[in-house]
Amino acid sequence: MKMEIPNMLRREFLSNCVRKLPALAAMASVTASWKSVWAGGNDNYDPSEHDYAMAIDIHKCIGCGRCVEACKKENNVPMDDTHFRTWVERYVISEEGETLVDSPHGGMNGFPELKEDVKVLRTFFVPKLCNHCENPPCVQVCPVGATFVSPDGVVLVDEDYCVGCRYCIQACPYGARFLHPVKKVAEKCTFCYHRITKGMLPACVEVCPTQARIFGDKKKTSSPLRRFLRFMDITVLKPWMNTKPKVYYGGADGEVT
Amino acid sequence: MEHVFNNLLAEASGVTGFVFPNEYELHWELLIVVYPYLTGLVAGAFILASLERVFKVRVLLPIYRLALLTALSFMIVAPLPLLAHLGRPERAFEMFLTPHTSSAMAMFGFVYAWYLAVVLLLEIWFDYRRDIVIWSREKKGLAKILYIILTLGARDISEEAVKFDHKAGKFITIIGIPSAFLLHGYVGFIFGSIKANPWWSSVLMPIVFLFSAIVSGIALVLLVYMVTSLFRWKKLNMGCVDKLAELLLYAMIVDFSLELLDFVHRLYESEESIHILSEMISSRLFMSLIIIQITIGTAIPMLSIIMGRSGKVHAEMRRILYFIAAILVQVGIFSTRWNVVIGGQLFSKSLRGLTVYKLELLGPEGLLTAVGLLILPFVILYVLTKTLPPWMGNEEDHLLPPPPKEEAVAHSSA
């Protein structure tokens, strides 16, 4: 293998390229038209063809907090410690069976060293975000219908319509919502709706260095998401709430709430 | 170093254990404590008034109209804390225009409008119509115009017409009782139906709210009656006051039993939330729940009423006992609302930690706004009692110097 690369002549490579130029151009145009079909704001984008969801591989998350920072920057979330669309929690289970959880700055700057006196049995990181539930209590309680499930399965808030009563924040069992301190309306993760409808990935997924977050379309039969759901032991948060979350955790144990 | 700093920060901010980052700040603050408190007073005062009207508890006649006007004064103010609390109050009207039918909160507008327009205003109007017509003839100047407007053109005060007023008033009261139950039961439902919150989620919540509403309403009318009599230099009708205290005691017994049932039920079921809730009660809520709500707001008033009703206490002493009881009940019911609303947000939904509530002094959701909203109903009540004097059925009225003219008219109509 090592020998083959130097053997490939630059001239040969360029002439190959020139010969295949028409084919490449044709491919590019097809991709472009496919992309424009996919693009958000385009009349041809059919949201009912999609059902977006996310999976999280607990074994892969290293707690670096890049996703938290990317989310804040992408979505203009205040850079303080009390407003997060996504955050990362660290679970430490001691040898005595005690569970300690922390999330300093929402995990945005990573995590400090553990205290020396804690004898760790096991420890893991849990990224959190809106679960985009199929049966969302937040949508049920909104008095004006400002929060809704989009046809492509994303729970969204219409910031031009929300009255800021905060009933949805109370109704969310996961603490995934907050009141935007400036706009004074409810806010939450949108799966980066402005990106995904253009065929891009949510910011948190894009920057994750270990691919601990897997974003996809449940209606697509061949996708990394489908594969993950097929081969991992999956759990969702607070299943007894009957909210039917669409953020699936692989490898999370019963301690995670 | 950072870890040490974080620990210090957590301790300084009063957060213990783990709280979801979005939960550090409370989302429903003091104004949402004031809202169910005010609504409860409305429902309670109305239910009290209906006792005289529908159930013919004649001894309550002196406070019948006063209770109605009290209910109206508090009803007018009740939506203001909600409005002030909204992030975007300018959009509040959307709740009426495009209500989301699956939302308990969206029904607020309709329950409120129904109760205010159909029940309270209509009942008061039918009850006062004859007097209003008389005043519109006797008064001069602006007052005359006001009363003419208030007659809404119905100026017939023949015996038949007045009889109809009475029938209509009674009919409205009969509709009004379930409406009052609906009004405050509904407020309880707003909290009780939140499955995400184990402190709120309880089928008993609407019923507990309702009975605590009746308790607070009776105590308020008792207070208003005592204070207004004092300032009008009228003797209290002790039969009425004794009855009010007795009713207050019964309502408190039912209310306390229901709350105790809820408490015992939670303890016995011992669900996963029990640890954090126990921790909350023994730390954050110890003062407001154990000391203020249960001891000062429930046990002491119940004892003082029992003492007053034991039959061996002089009227003067009874009045003092009832007065203290009624004041303490108000404090107790306010802390009941506090413990529900604020308590429900002091623990994390991760069930792993507690946060703290920092009360603002100024600001739209601060202490001053709340105090203002608690005073405002009394200002409205003062104006209402001047416009529509509610004094009636008080036998001692005869024994004292002749009342001013407008009161004499009111009295003759009673």
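Quick caveat, the model's predicted, so the values are computed rather than measured.

Novice: Residues and numbers for the overall build of chain A, please.
Specialist: Broken down by element type, chain A carries nine helices and 11 strands. In chain A, 62% of the contacts between residues at least 6 apart in sequence involve partners at least 24 apart.

Novice: For the overall build of chain B, give the residues involved together with the corresponding values.
Specialist: The secondary structure content of chain B amounts to 16 helices and two strands. Here chain B has a C-alpha radius of gyration of 23 Å; the compact-globule value for 414 residues is 22 Å, and the two agree. C-alpha atoms of chain B, sized along the principal axes, occupy 85 × 55 × 35 Å. Here chain B holds 414 residues, and 44% of them are scored as buried. Contacts in chain B between residues at least 24 apart in sequence constitute 77% of all its contacts with a sequence separation of at least 6.

Novice: Give me unusual backbone geometry: which residues, what numbers.
Specialist: All names here are of chain A. A positive phi is found at Asn242, a non-glycine position, where the angle reads about 60 degrees. Its location among the elements puts Asn242 in the loop between β10 (234-235) and β11 (247-250). On the basis of neighbour count, Asn242 is assigned to the exposed category, with 11 C-beta atoms found within 10 Å.

Novice: A description of the sheet that holds strand β9 (residues 213-217) of chain A should follow, citing residues and the corresponding values.
Specialist: Residue and element names in this part refer to chain A. Across the sheet, four strands lie side by side as β9-β1-β11-β10; this open sheet has mixed pairing. The strands lining the two open edges of the sheet, one partner per strand, are β9 and β10. Bridging between β10 and β11 involves two bridges; their strand directions are antiparallel. Residue Ile234 lies in a different strand from β11, and its bridge partner there is Gly250. Against the sheet, helix α9 (residues 224-231) makes contact with β1 (52-57), β9, β10 and β11, and its axis sits at roughly 110 degrees relative to β9, the strand it touches most.

Novice: Explain the interface of chain B and chain A to me, and be specific about the residues and the numbers.
Specialist: Counting residues at the interface gives 35 residues for chain B and 39 residues for chain A. At the level of secondary structure, the elements contributing two or more residues to the side of chain B that touches chain A comprise α1 (2-13) and α5 (94-97) of chain B. A total of three residues in the side of chain B that touches chain A trace back to one element, the largest contributor, which is α1(B). For the side of chain B that touches chain A, the per-class residue count stands at 15 nonpolar, 11 polar and nine charged.

Novice: Tell me what's going on with the nonpolar core, and back it up with residues and numbers.
Specialist: Residue and element names in this part refer to chain B. Membership of the largest hydrophobic core comes to 167 residues, with the highest contact counts inside it found for Val42, Ala71, Ile218, Val221, Leu222 and Leu248. No other element matches the 17 residues that helix α2 (residues 30-53) contributes to this core. With sequence-adjacent residues up to four places away left out, Leu222 is seen in contact with Val241, Leu244, Ala245, Leu248, Tyr322 and Ala326.

Novice: Would you mind going over the pairing of β11(A) in detail, with residue names and values included?
Specialist: Summarising the sheet, β1(A) and β11(A) pair through four bridges and their orientation is parallel. The residue of β11(A) that forms the bridge with Asp57(A) is Gly250(A).

Novice: Give a description of the packing of α2(B) against helix α15 (residues 367-387) of chain B that names residues and reports values.
Specialist: All names here are of chain B. Interhelical geometry of α2 versus α15 gives an angle of 15 degrees and a closest axis separation of 9 Å. Relative to α15, α2 is oriented roughly parallel. For the element pair α2 and α15, the recorded crossing hand is right-handed. Where α2 abuts α15, its residues Leu30, Leu31 and Val34 lie against Leu367, Thr369, Ala370, Leu373 and Leu374. Of the residues in the contact of α2 with α15, the class split is seven nonpolar, one polar and no charged.

Procedures and definitions
- The residue numbering used here restarts from 1 in each chain and proceeds along that chain's sequence as written.
- Chains and ligands are labelled by the order in which they are written, letters from A for the one and numbers from 1 for the other.
- The predicted origin of the model limits local features to residues at a pLDDT of at least 70 and limits the giving and counting of side-chain atom pairs to 80 or more, whereas totals for whole chains, interfaces and linings rest on all residues.
- A helix here means a DSSP run of H or I that spans at least four residues, while a strand means a run of E at least two residues long, and both kinds are numbered starting from the N terminus.
- Contacts here follow a simple rule: the backbone-placed C-beta atoms of the two residues must lie within 7 Å.
- What the globule rule says is 2.2 Å times the number of residues to the power 0.38, and the radius of gyration is computed from C-alpha atoms.
- Buried means a residue has 20 or more other C-beta atoms within 10 Å of its own C-beta, exposed means 12 or fewer, and partly exposed covers the counts in between; C-beta atoms are placed from the backbone.
- Any two strands are treated as partners once DSSP identifies two or more bridges connecting them.
- For every element, the axis is a line fit to its C-alpha atoms; helices are fit only across the contacting stretch, and the angle between N-to-C directions ranges from 0 to 180 degrees.
- As a working rule, the residues Ala, Val, Leu, Ile, Met, Phe, Trp, Tyr, Cys and Pro are called nonpolar, Asp, Glu, Lys and Arg charged, and the rest polar, with Gly in that last group.
- What makes a nonpolar core is a set of buried Ala, Val, Leu, Ile, Met, Phe, Trp, Tyr and Cys residues, with links drawn between C-beta atoms within 7 Å.
- An angle below 35 degrees is treated as roughly parallel, one above 145 as roughly antiparallel, one from 65 to 115 as roughly perpendicular, and anything else as oblique.
- The crossing is said to be left-handed when, going from far helix to near helix, the turn is anticlockwise and less than a right angle, and right-handed when the turn is clockwise.

Everything listed is a geometric property; what it means functionally is a separate question.
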